[in-house]
Each structure stands twice: as structure tokens, then as C-alpha cells.
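Examining the three-dimensional arrangement
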Amino acid sequence: MKILVTGGAGYIGVHTILALVNEGYIPIVVDNLSNSSIEGIRRIEKLKNTTIKTYICDIRDAEYLSQIFSENDIQGVIHLAGLKAVGESCSDPISYYDNNVSGTLVLLKTMEKLGVANLIFSSSATVYGNPKTLPIKEDAKLFPTNPYGQSKLMIEKICQDLANKTKLASKNAWKIALLRYFNPIGADKSGVVGEDPKGTPNNVMPYIAQVASGKLERLSIFGNDYPTKDGTGIRDYIHVMDLAEGHVAALRWVLSIKPLISECRAINLGTGSGTSVLELLSIFEKETGVKVPYVYSLRRSGDIASCFADPSLAHSLLGWKASRNMAQMVSDTWRWQEQNPSGYGE
Ligand code: NAD
Ligand code: UDP
């Protein structure tokens, strides 16, 4: 079964491709390589001894996208393509709404035109904003605090409207899973693919890995005065291969829904437990034996104190549960970092 993966050359994309191949699906990649390189896909081809059909295409290119659908018998779409840096979304909101929202509209129009109605969408825990209660359930208030998060919420709403439109039975009833990711980290245990941020990393895990490898001098911990156990921010870190397998589980669920029934469900993908920055550092040092120098600095604007999921819906609906622990997340990150000090550049 052929599954189109937009953004398939990116960090979550390559791991999702791997999970799809592991489960016998045929992924077809569409990516404009604006934040990735083709190397990740090439490495998976080598690892799995297979060929991955890859189109260098911007999802806003309606004509090319239609051609790709027509050339391939696509049964479903995993839509990961988009811009994801919160800070950049504040300084350049138009690019974010254009890439994320307009890009998704082009994709949805193409899918509707060609009768493909099975969709898995990359949303984010950022749609919750600063949560009132923890752990966060899917029915919590949605209150994104930046244009990136707004763009994700807008797409969620468009998807809900599409599914509502087809509630009263049509040939192409939409079946959509809106996956709200918490904090994906780690890499496949092979060490051949991983997170390869351009420039200085924004996220804490690749930052720590680059300090440990000597590429960066020290970690700045953004705030030690949060109302948490040690004053540093708490997040729900999830192994990227667990997340990737969550996509396959969501795909299976979507494909199991009867043709005339439409569905659109938001589903958290997290582990359900929170880890502070200091705890993450100490697990990293224990697992790798490498000391990571750090300093405390001011809070990063827009950051929240704590965020972790209630992942029970994913378990009951999709039969999926994260299975890899923090030690695996950091040791797999480190294996990738050590084997690829310059990411895919070497
Ligand atoms: P990434 O930047 O590594 O991957 C995104 C991919 O999409 C890149 O390969 C990029 O080249 C491609 N892309 C961007 N705009 C495109 C366009 N218009 N047409 C075609 N391709 C385009 O990011 P990622 O971490 O793999 O994230 C994948 C998705 O998951 C994104 O939508 C992101 O918002 C979402 N997400 C990520 C995280 C995270 O922490 N990594 C958390 C929550 C949600
Ligand atoms: N963080 C930090 N230093 C960094 C990057 C992040 O202390 O260089 C903290 C950040 O304040 C938050 C946690 O690490 O408490 C996770 O941040 P990340 O950017 O990885 O994820 P997000 O904030 O998007 O959940």
C-alpha cells in the first residue's frame, strides 16, 4: 500500500519512513528540502536495502502535486511538511501561514479532487499553549501563543470542517488523525539517521548533544525559577521511533474506518511523564559518561513551566503506547551525534 509522506526527508519524516517500511507499507516522499537533505532518505534505502520514490516538490505546487498523485496509487497521506521554529514564526508569520496553512490547503484540495481521504497530520502540543491542568487531555482548551502554534490549530480546524462536511455519508468521507506531538528526541538505534538542525539548535536535546561533542561550549538553561521540582522546565520527551510507530498505528486506525464514515480525531502522542532540563542533563551524563557544562540564563520568552500528555486515548483508540525510556532516548541521540558529528554533512 502506497502512502505519501510530505516532509518525508525531515527529522520525523525519515523515522516515519523507516517505521512504514518496517510494517510493509510503500512510502512515497514529497519534500522541497527547505530544512533537510536527501541524504537521510538515501541512508534508509541503504539500511533497508530498498528504493524510496522521492519527489523534490513544494506542497504549494498544485500542478506537480496532482501529477504525483496521478502517477502513484496513493491510499493515504502522512502530512509532516511545514515550518516549525517558534521564534522564526514570530518574526516571519507570513511564511508560516503560507507554508503551513496554504500548503495544507493545496494538499487537501488535491486529495479531495483525486478521491484520497485518509490523512494523518502532524499537529503539536503547542496548540494547548500554557495548560491549566496536567496531564493534558485532548479536550483541554486550545490556546496557542505564537504563529507556529496558530498555524497548527488553523489546520486542525480546517480538517474538522472537512470531516463534518462529509458526516452525512459521501463516497469520500474524510478520515483524519490529528497527532499532537509532545517533544520528540532521539534517533533510530542504527545511528544512520537522526536530527540534523541547520545552524545552532533551538531545541534542548540536539543542543546538549552538540555541547557534549564539543561543537558548542555550554548549555544555557532557560530559567531555574519555574514552579517545578528543580526550577527548570518540564517536558514530555518521546523517542522519535515511538512517535514514528504512532503514525503507523494512526494510519492503521484511519484505514480501518468504514468507507462512508467520516472521522477527525485529535490524539496526543506522548509518554505521559515529564522530565526537567536538569533531569535530562543528568540522564545524559549517566548514559554517555560525558559531562555537559551549563549556565543558568533568563527564561526564554513564550516558554511554559510544564507540559506533559495524557496519552490514554492513543492507547485505547490506536493500540499504541510509547515503549522506549529516557535512557534509550539519550543514548540513541548520542550514537547518532558521535557517528555523524556534522549530521548528514559528512
Ligand atoms: P523538519 O523540518 O525536520 O521536517 C519538515 C520537512 O518538511 C523538511 O524536510 C522540509 O524540507 C519539509 N518542508 C517544509 N515546507 C515544505 C513545503 N512547503 N513543501 C514540501 N516540503 C516542505 O521538522 P520535523 O521535526 O521532522 O517536523 C515534522 C512536522 O512535525 C512539522 O510539521 C512540525 O511542525 C511537526 N512537529 C514537530 C515537532 C518537533 O519537535 N520536531 C513537534 C511537534 C510537531
Ligand atoms: N531549553 C533550555 N536551553 C536550550 C533549549 C531549551 O533550557 O538551549 C529548555 C526550554 O526552556 C524548555 C525545555 O528545554 O524548558 C525544552 O525546550 P525545547 O525547545 O526543546 O522544546 P519546547 O520548548 O518546544 O517544548
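Read on for a plain summary of the structure.

Ligand 1 sits among 27 residues. The nearest are Ile12, Asp31, Asn35, Ser36 and Tyr148. With respect to ligand 1, the side chain of Ser122 contributes an N or O atom lying 3.4 Å from an oxygen atom. Out of a free accessible area of 820 Å², ligand 1 has 96% covered by protein chains. Among the secondary structure elements, those contributing two or more residues to the shell around ligand 1 are α1 (11-22), β5 (118-124) and α6 (147-165). Considering each element in turn, the shell around ligand 1 owes the most residues, three residues, to β5. Each residue belonging to the shell around ligand 1 can be placed in one class, and the counts come to 11 nonpolar, 11 polar and five charged.

Lining the immediate environment of ligand 2, one finds 15 residues, of which Ser220, Phe222, Arg235, Arg300 and Asp303 sit closest. Residue Asp303 places a side-chain N or O atom 2.5 Å away from an oxygen atom belonging to ligand 2. Relative to its unbound accessible surface of 510 Å², ligand 2 loses 87% to contact with the protein. Taken together, the elements giving at least two residues each to the shell around ligand 2 come down to α7 (204-212) and β8 (219-222). With four residues, β8 is the largest single contributor of residues to the shell around ligand 2. When the residues that make up the shell around ligand 2 are grouped by side-chain class, the tally is seven nonpolar, five polar and three charged.

Moving on, we get to α6. With 19 residues, α6 extends 27 Å between its outermost C-alpha atoms, agreeing within 8% with the 27 Å of an ideal straight helix rising 1.5 Å per residue. Listing the buried residues of α6 in full gives Pro147, Tyr148, Gly149, Ser151, Lys152, Leu153, Ile155, Glu156, Cys159, Leu162 and Ala163.

The N-to-C vectors of helix α3 (residues 62-71) and helix α5 (residues 93-114) enclose an angle of 40°; their axes lie 10 Å apart at closest approach. It follows from the interaxial angle that α3 and α5 lie oblique. By crossing handedness, the relation of α3 to α5 is classed as right-handed. Where α3 abuts α5, its residues Ala62, Leu65, Ser66, Phe69 and Ser70 lie against Val106, Leu107, Thr110, Met111, Lys113 and Leu114.

Before going further, it helps to spend a moment on the pairing of β5. For β5, the tally of buried residues reaches seven of seven residues, placing the bulk of the element in the interior. Of the two faces of β5, the one carrying Asn118, Ile120, Ser122 and Ser124 and the one carrying Leu119, Phe121 and Ser123 are both buried. Note: strand β4 (residues 74-79) against β5, three bridges, orientation parallel. What sits directly across from Ile78, in β5, is Ile120. Here β5 runs beside strand β6 (residues 175-181); their pairing, made up of seven bridges, is parallel. Looking at the pairing, Ser122 lines up with Leu179 of β6.

Viewed as axis vectors pointing N to C, α7 and helix α9 (residues 277-288) meet at an angle of 40°, and their least axial separation amounts to 11 Å. Regarding the angle of α7 to α9, the classification is oblique. Read as a crossing pair, α7 and α9 show a hand that is right-handed. In this structure, α7 uses Val204, Met205, Ile208, Ala209 and Ala212 to contact α9, whose residues at the interface are Val277, Leu280, Leu281 and Phe284. Looking at the contact of α7 with α9, its residues break down into nine nonpolar, no polar and no charged.

The subject of this paragraph is the environment of Leu65. Relative to the helices and strands, Leu65 is located in helix α3. Taking the relative accessible area as the measure of exposure, Leu65 reaches 0% and is therefore buried. In this structure, the C-alpha to C-alpha distance between Leu65 and Val30, residues 35 residues apart in sequence, is 8.5 Å. Leu65 has contacts with Val30, Cys57, Ile59, Val106, Leu107 and Thr110, leaving out every residue within four places of it along the chain.

What follows is about the side chain of Glu156. Here Glu156 is to be found in helix α6. Assessed through its relative accessible area of 3%, Glu156 is described here as buried. At 2.7 Å, the side chain of Glu156 forms a polar contact with the side chain of Arg180. The residues touching Glu156, leaving out its near neighbours within four places in the chain, are Ser123, Val127, Leu142, Leu178 and Arg180.

Moving on: the nonpolar core. Leu20, Ile120, Ala177, Leu179, Ile267 and Leu318 are the most contacted members of the largest nonpolar core, which totals 43 residues. Breaking this core down by element, the ones donating at least two residues are β1 (2-6), α1, α2 (39-48), β6, α8 (240-256), β11 (263-269) and α10 (312-318). Ranked by residues supplied to this core, first place goes to α8 with 10 residues. Excluding anything up to four places from it in sequence, Leu318 contacts Gly246, Ala249, Ala250, Trp253, Ile267 and Leu313. Counting residues in hydrophobic clusters, the runner-up holds 30 residues, among them Ile59, Leu65, Cys159 and Ala163.

Here is what the cut-offs are and how they apply
- Residues numbered from 1 in each chain as written.
- Chains lettered and ligands numbered in written order.
- Predicted model: local features only at pLDDT ≥ 70, side-chain atom pairs only at ≥ 80, totals over all residues.
- Heavy atoms only, no water.
- Near = heavy atom within 4 Å.
- Polar contact = N/O pair within 3.5 Å; in protein donor to acceptor, adjacent residues only side chain to side chain.
- Areas by Shrake-Rupley, 256 points an atom, 1.4 Å probe, with all protein chains shown as cover.
- Helix = DSSP H or I, 4+ residues; strand = E, 2+ residues; numbered from the N terminus.
- Nonpolar A, V, L, I, M, F, W, Y, C, P; charged D, E, K, R; others polar.
- Expected span 1.5 Å × (residues − 1).
- Buried < 20%, exposed > 50% of the residue type's maximum accessible area, 1.4 Å probe, protein only.
- Axes fitted to C-alpha atoms, helices over the stretch in contact; angles between N-to-C directions.
- Parallel < 35°, antiparallel > 145°, perpendicular 65-115°, else oblique.
- Left-handed = near helix turned anticlockwise from the far one by under 90°.
- Contact = heavy atoms within 4.5 Å.
- Pairing = 2+ DSSP bridges.
- Core = buried A, V, L, I, M, F, W, Y, C linked by side-chain atoms within 4.5 Å.

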